[in-house]
Amino acid sequence: MQLPFKHLLETNQFNPEVLRFLFEESRNMEGIFEKGGNQIMKGKILATLFWEPSTRTRFSFETAMLKLGGQVISNFSMGQSSSITKGETLEDTARTISCFVDIIAMRHHQQGAVAEFTKGSSAPVINAGDGAGDHPTQGLLDIYTIWKWRKFENFEKAFGNLTIGMIGDLKNSRVVHAQLQLLKFFKPKFILVSPNALRMPEVYLNMLKDYDCEYEETEDLESVISDFDVLSDTRIQQERFENREEFEKYRTFYQIGNKIMKKAKKDMIVIAPLPRFGELLPEFDSDPRAKYFEQVKNGVALRMGLIKGMC
Ligand code: ASP
Ligand code: CP
């Protein structure tokens, strides 16, 4: 069975049924990964085209394709070393690259650029992050990580009774926006913790209202941390700030470390897309509640499932 779309541009292409299909595939892929992979993508090629920095997402897509027996071509500096520098359009770039490959993962600093690219692409394209826009595969692997922690129970049971705390740059993080769009179907309670200037945008708050999800907003992490079943931490998004001073003001506004985590439940988890830059302290890494490096691994299985379902 295939996923019911050609390109994956936005998290809102998922509903619970499609999510279930992808997550079941990803769960199978964990076993295949552990056994060293398979050959279902033999003869197929993935292109990873990145205009914006990445460590996890690009290597994760590439590992996923290699584990499925396919091959990879890659350019991590499209802005400097592709024919875009000679004035070629995104659309012509897509027309060209889709002559070579079967599937493309693309990251760009401009919101909407991945959608623009698809106009010329005959190969399926996955949005691996488009500026302040969306990062669907990160949102998906984050929710998959919660599902796995909840022992693969049915979705309503797995997500419905949770209190989910989202912390940090809720204004600019494409990742928390993606997470909200997936979790809204199951109506957990949300506690949105951010500096006032970096609040969750109205459009997402309205979405929560439309889906009848309970939520509260606060600046004060200490007063709510003991309620969380899941703490979703996010970096202050330096690259979305025009003013360095403004960014520095918030960089360590919250710091998740051993001291504050003493106030949190013993059986909760902390997820984060990474990278971190002062907001999540390495001293917490050895705590069993820290799931962010397990998340990285889950991301490969999730992307294996996605490639299989789209290619
Ligand atoms: N790596 C994630 C992203 O690209 C999160 C982050 O950079 O803070 O959106
Ligand atoms: N989580 C994430 O997208 O990481 P990278 O920016 O390193 O790809």
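Just above, that's the structure.
Residues numbered from 1 in each chain as written. Chains lettered and ligands numbered in written order. Predicted model: local features only at pLDDT ≥ 70, side-chain atom pairs only at ≥ 80, totals over all residues. Heavy atoms only, no water.

Turning to the packing of helix 1 (residues 16-34) against helix 12 (residues 292-310), a few remarks are in order. Taken N-terminus to C-terminus, the directions of helix 1 and helix 12 make an angle of 115°; their axes are 8 Å apart at the nearest point. Considering how the two elements wind past one another, helix 1 and helix 12 form a crossing that is right-handed. Across the interface between the two elements, Leu22, Phe23, Glu25, Ser26, Met29, Glu30, Ile32, Phe33 and Glu34 of helix 1 pack against Lys297, Asn298, Val300, Ala301, Leu302, Met304, Gly305, Leu306 and Lys308 of helix 12. (Axes fitted to C-alpha atoms, helices over the stretch in contact; angles between N-to-C directions. Helix = DSSP H or I, 4+ residues; strand = E, 2+ residues; numbered from the N terminus. Left-handed = near helix turned anticlockwise from the far one by under 90°. Contact = heavy atoms within 4.5 Å.)

Pairing within the open sheet is parallel, and its 5 strands lie in the order 7-6-5-8-9. For this open sheet the edge positions go to strand 7 (215-218) and strand 9 (269-271), each flanked by a neighbour on one side alone. When the angles between neighbouring strand axes are averaged without regard to direction, this sheet yields 20°. Looking at chain direction, strand 6 (residues 189-193) and strand 7 are connected through 4 bridges and run parallel. Bridging across to strand 7, Val193 finds its partner in Thr218. Strands strand 5 (163-168), strand 6, strand 8 (230-234) and strand 9 of the sheet are contacted by helix 8 (residues 174-183), whose axis makes an angle of about 165° with strand 5. (Pairing = 2+ DSSP bridges.)

Moving on to the site of ligand 1. All residues in the neighbourhood of ligand 1 are listed as Arg107, His135, Arg174, Val175, Arg235, Gln237, Pro273, Leu274 and Pro275. Separating an oxygen atom of ligand 1 from a side-chain N or O atom of Arg174 is a distance of 2.7 Å. Within the contact set of ligand 1, an oxygen atom lies 2.9 Å away from a side-chain nitrogen or oxygen of Gln237. Across the shell around ligand 1, the residue classes break down as 4 nonpolar, 2 polar and 3 charged. (Near = heavy atom within 4 Å. Polar contact = N/O pair within 3.5 Å; in protein donor to acceptor, adjacent residues only side chain to side chain. Nonpolar A, V, L, I, M, F, W, Y, C, P; charged D, E, K, R; others polar.)

Once that is clear, we can look at the environment of Ile32. Within the fold, Ile32 resides in helix 1. Put simply, Ile32 and Val300 are 268 residues apart on the chain and 11 Å apart in space, counted from C-alpha to C-alpha.

What follows covers the state of the cysteines. Considering all chains together, one arrives at 0 disulfides under this definition. With no disulfide partner, Cys311 has as its closest neighbouring cysteine sulfur the one in Cys99, 16 Å distant. (Disulfide = S-S within 2.5 Å.)

Note that soluble globular proteins tend to have their nonpolar side chains buried in a common cluster. Phe23, Phe159 and Met166 are the most contacted members of the largest nonpolar core, which totals 59 residues. Excluding its chain neighbours within four sequence positions, the residues that come into contact with Met166 are Val176, Gln179, Leu180, Leu183, Phe190, Ile191, Leu192, Val193, Met200 and Ser232. Judged by nonpolar contacts, the second largest core, of 21 residues, contains Ile191, Phe228, Leu274 and Ala290. (Core = buried A, V, L, I, M, F, W, Y, C linked by side-chain atoms within 4.5 Å. Buried < 20%, exposed > 50% of the residue type's maximum accessible area, 1.4 Å probe, protein only.)

Just geometry here; none of it tells us what the structure is for.
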